[in-house]
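Architecture at a glance
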Amino acid sequence: MRLGPLALCMLSAAGCNSLWIDPMKIQPKLLPYAPSTFYPDGLAMRRPPPGTVAQEAPLGPTELLRGYGAGPDGGFVGAFDGSIPIPVDAALLARGREHFDVVCAACHGPLGDGLSVVASKMSLRPPPSLLSDRVRALPDGRIFEVIGEGYGLMPPHGALVPWRDRWAIVAYVRALELSQRAPLALLSAEDRRRLSGGQP
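Heads up: these notes are all about the structure in this document. Remember, it's a predicted structure, so these values are computed and weren't measured experimentally.

It is worth spelling out helix H7 (residues 140-149) at this point. The element H7 is extensively covered by neighbouring structure, given that eight of its ten residues are classed as buried. Where H7 is concerned, the buried positions are Asp140, Gly141, Ile143, Phe144, Glu145, Val146, Ile147 and Gly148.

And the structure:
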């Protein structure tokens, strides 16, 4: 019987695979929970050194890192009664604007009103306006959570934006909302005079 070129290639490949075995697969090793004569306690698995932190372990209060707290039964209880849990100052707002312009503005628009080139291409489900009553009613922790975990078509940005900068974005979004509906009482007398065209 004469073998064709394809059959020869397949046979040679099978032979190579049987001869070439990854040395990492056949090295001596102990599996978890296996017995061991090397250690005095007879266990292969070792205890982690003191102070070891699991990769997925939170490195701070859940409210700061997740945007919400846990109640006595472990359920969701909201975020700090709707307030941002770190001091809000001009530096934090500037940081929030910087990250908003890089991460959020492409879809939600530079003013947060949902008007952007990306939004114009998403006619079936455009990014929402962050100035809407629905978003304004959300607790700060929920906005923080959406930035980190994503929502709907929005991907999660938690790996790109550290938790402190996510809170900065939340603060900046609140500043954008306020800028569109600021009551006159919040303005100084000079600013009110300028808005009224110089009239007292």
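Read on for the rest.
Our focus in this paragraph is the packing of aromatic side chains. Counted according to the given criterion, the structure contains three aromatic pairs. Considering the side-chain rings of Phe38 and Tyr39, the 5.0 Å spacing of their centres and the 90° angle between planes classify their relative orientation as edge-to-face. Under the relative-accessibility criterion, Tyr39 is labelled partly exposed at 29%. Here the basic side chain of Arg46 rests over the ring of Tyr39, its NZ or CZ set 3.8 Å away from the ring centre.

For the pair H7 and helix H8 (residues 163-180), the least separation of the axes is 9 Å and the interaxial angle reads 125°. Taken together, the axis directions place H7 and H8 in an arrangement best described as oblique. Crossing angle aside, the handedness with which H7 passes H8 is right-handed. Residues Asp140, Gly141, Ile143, Phe144, Ile147 and Gly148 of H7 lie in contact with H8, whose contacting residues are Trp163, Arg166, Trp167, Ile169, Val170 and Arg174. A per-class count over the contact of H7 with H8 returns seven nonpolar, two polar and three charged.

So, on to the nonpolar core. Ranked by size, the top nonpolar core spans 22 residues in total, and within it Ile84, Ile86, Phe100, Trp167, Ile169 and Val170 carry the most contacts. At the level of elements, helix H4 (90-108), H7 and H8 are the ones that each hand at least two residues to this core. At eight residues, H8 tops the list of elements feeding residues into this core. Sequence-distant contacts of Val170, that is, excluding residues within four places in its chain, are made with Ile84, Asp140, Ile143, Phe144 and Ile147.

Right, let's get into unusual backbone geometry. With the exception of glycine, most residues fall at negative phi, and the peptide bonds are largely trans. A positive phi angle, near 70°, is found at Tyr33, a position not held by glycine. Take Tyr33: it is sitting in the loop between helix H2 (23-26) and helix H3 (62-66). Given the relative accessible area of 73%, Tyr33 is considered exposed.

In this section: H4. Every α-helix carries 3.6 residues per turn, so stepping three or four residues along brings you back to the same face. Helix length check: H4, at 19 residues, gives a terminal C-alpha distance of 22 Å against a target of 27 Å (1.5 Å per residue), a shortfall beyond 12%. Considered for burial, the residues of H4 that qualify are Leu92, Gly96, His99, Phe100, Cys104, Ala105 and His108. Contacts from the buried residues of H4 go to H8. Following H4 by one or two positions, Gly109 adopts a phi angle in the positive range, close to 85°.

Rules of the game
Residues numbered from 1 in each chain as written. Predicted model: local features only at pLDDT ≥ 70, side-chain atom pairs only at ≥ 80, totals over all residues. Heavy atoms only, no water. Buried < 20%, exposed > 50% of the residue type's maximum accessible area, 1.4 Å probe, protein only. Helix = DSSP H or I, 4+ residues; strand = E, 2+ residues; numbered from the N terminus. Phe/Tyr/Trp six-rings, centres within 6.5 Å; stacked < 30°, edge-to-face > 60°. Lys NZ or Arg CZ within 6 Å of the ring centre and 35° of its normal. Axes fitted to C-alpha atoms, helices over the stretch in contact; angles between N-to-C directions. Parallel < 35°, antiparallel > 145°, perpendicular 65-115°, else oblique. Left-handed = near helix turned anticlockwise from the far one by under 90°. Contact = heavy atoms within 4.5 Å. Nonpolar A, V, L, I, M, F, W, Y, C, P; charged D, E, K, R; others polar. Core = buried A, V, L, I, M, F, W, Y, C linked by side-chain atoms within 4.5 Å. Expected span 1.5 Å × (residues − 1).

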